[in-house]
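Reading the structure
So the chains spell out like this:
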Amino acid sequence: MHGAKQRPAGAHPGQWVLIAPEAATDPPKTPDSEPLFTKLRNPSTGEATLYLFNSGAQQLFEVKAFHEEYRSWFIDQTVQQDGRLLFVTPMDPLFLILYYLIKADKEQQGKFQPLDQVVLDSEYPSCLLLLKCADVKQYIHHVTEEKEIGNQKFHKYSQEKTLKWLKRKVNQTVKALKSNNVTVGERVYADTYIGSKQITDTEEDYVRYAHGLISEYIPEDLSKELLKYLGLPDLKSQASEPPLKMPAQRCAKNK
């Protein structure tokens, strides 16, 4: 990883070997603002997932674990029994905030609320740190309608704005895939074989593959709406032969 460093953790519980960009592990400016590993709700599934807030919770990072059976780390004169290798990459906090906005919109029937009353979770109290991330207040309008009363701002989820924002994310991902010479045609059709279609890297293939990557960070219902918003037909309805068995590979998510 360019500009990243590998820092071995100590050989005691709660520490790991990880590869992370320097911004994720910068020293804290104050004693109470150290980097924090914490579990938050996965914005796609709602299940517990490990994330990292950097010093002062200015930036959110996604934590992915690479694990092989029977792996340990030898560090100095000790053995780190947890043999996982963690990869830490930047994550847009709006994806996680979006989960709570959609939930609040359903429960409060479109009521405008302050963000600190929307992003609340008794099971994952660290979710409030999402609102401390830099630029959240500046970019929250991409996924919400806003009202200002006095000196306080109120928000509610906007699907129309969110789909526009997600389309931009898809386009950014397509651009990154192309610039890194990633081939996507075979991956797109790995689960659905179109007998009369030659597998090539068309623009639709890139958009469809990018949609799949973005869908890992949004609820399933929103993913389906985004598919329609992008004007992509359902591949399964075009299938004429059994699925083509191919190894699935995943492209690294670029910010």
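None of these values were measured; they are calculated from a predicted model.

**What to know about the packing of aromatic side chains**
In total, this model carries three aromatic pairs according to the counting rule given. Aromatic side chains F95 and Y217 sit 5.8 Å apart centroid to centroid with 45 degrees between the ring planes, which places their arrangement in the tilted category. On the criterion of sequence distance, the pair formed by F95 in helix α1 (residues 93–108) and Y217 in the loop between α6 (203–214) and α7 (220–229) is long-range, its members being 122 residues apart. Through pairs of rings, three or more aromatic residues link up here, namely F95, W165 and Y217. Above the plane of the ring of Y206 lies K178, whose end atom (NZ or CZ) is 5.4 Å from the centre.

**Considerations on the confidence of the model for the chain**
Put simply, the chain has an average pLDDT of 80, and 72% of its residues get 70 or more. Per-residue pLDDT stays below 50 along residues 1–13; that stretch engages in 35 contacts with residues further than four places along the chain or on separate chains. Across residues 239–255, where pLDDT falls below 50, the model places 40 contacts with residues more than four positions away in sequence or in other chains.

**A word on the nonpolar core**
Within soluble globular proteins, side chains that are nonpolar generally end up buried alongside one another. Counting 47 residues, the largest nonpolar core has L60, F95, I97 and L130 as the members making the most contacts within it. Secondary-structure elements contributing two or more residues to this core are β4 (48–53), α1, α2 (115–118), α4 (159–179), α6 and α7. Broken down by element, the residue count for this core peaks at nine residues, all from α1. Here I97 is in contact with V119, L130, L131, V136 and I140, once residues within four sequence places are set aside. Membership of the second largest hydrophobic core comes to eight residues, among which are A20, L50, V63 and V88.

**Some remarks on the packing of α6 against α7**
Interhelical geometry of α6 versus α7 gives an angle of 160 degrees and a closest axis separation of 10 Å. Classified by the interaxial angle, the pair formed by α6 and α7 is roughly antiparallel. Seen from above, α6 lies across α7 with right-handed handedness. From α6, R208, H211 and I214 reach across to α7, where they touch S223, L226 and L227.

**A short note on unusual backbone geometry**
Positioned with a positive phi, Q109 is a non-glycine residue whose angle comes to about 55 degrees. In this fold, Q109 is placed in the loop between α1 and α2. What makes Q109 exposed here is its relative accessible area of 74%. Phi is positive for D135, close to 75 degrees, though the residue is something other than glycine. Its place among the elements puts D135 in the loop between α2 and α3 (136–139).

**What about the environment of K64?**
Relative to the helices and strands, K64 is located in strand β5 (residues 60–66). Taking the C-alpha atoms as reference points, K64 and L50, separated by 14 residues in sequence, lie 8.0 Å from one another. A polar side-chain atom of K64 sits 3.5 Å from a polar atom in the side chain of E62.

**What to know about the side chain of T38**
With respect to the helices and strands, the residue T38 is situated in strand β3 (residues 36–41). Sequence-distant contacts of T38, that is, excluding residues within four places in its chain, are made with T49, L50, Y51, F53 and S126.

**With respect to the pattern of salt bridges**
Per the stated rule, a full pass over the model turns up 10 salt bridges. A salt bridge links R41 to E123; its shortest N-O distance comes to 3.3 Å. Here E123 lies in the loop between α2 and α3 and R41 lies in strand β3, a separation of 82 residues in the sequence. When its relative accessible area of 16% is taken as the criterion, R41 is described as buried. Owing to a relative accessible area of 55%, E123 belongs among the exposed residues under this scheme.

Calculation criteria
- Residues numbered from 1 in each chain as written.
- Predicted model: local features only at pLDDT ≥ 70, side-chain atom pairs only at ≥ 80, totals over all residues.
- Heavy atoms only, no water.
- Phe/Tyr/Trp six-rings, centres within 6.5 Å; stacked < 30°, edge-to-face > 60°.
- Helix = DSSP H or I, 4+ residues; strand = E, 2+ residues; numbered from the N terminus.
- Lys NZ or Arg CZ within 6 Å of the ring centre and 35° of its normal.
- pLDDT = per-residue confidence, 0-100.
- Contact = heavy atoms within 4.5 Å.
- Core = buried A, V, L, I, M, F, W, Y, C linked by side-chain atoms within 4.5 Å.
- Buried < 20%, exposed > 50% of the residue type's maximum accessible area, 1.4 Å probe, protein only.
- Axes fitted to C-alpha atoms, helices over the stretch in contact; angles between N-to-C directions.
- Parallel < 35°, antiparallel > 145°, perpendicular 65-115°, else oblique.
- Left-handed = near helix turned anticlockwise from the far one by under 90°.
- Polar contact = N/O pair within 3.5 Å; in protein donor to acceptor, adjacent residues only side chain to side chain.
- Salt bridge = Lys/Arg side-chain N within 4 Å of Asp/Glu carboxyl O.

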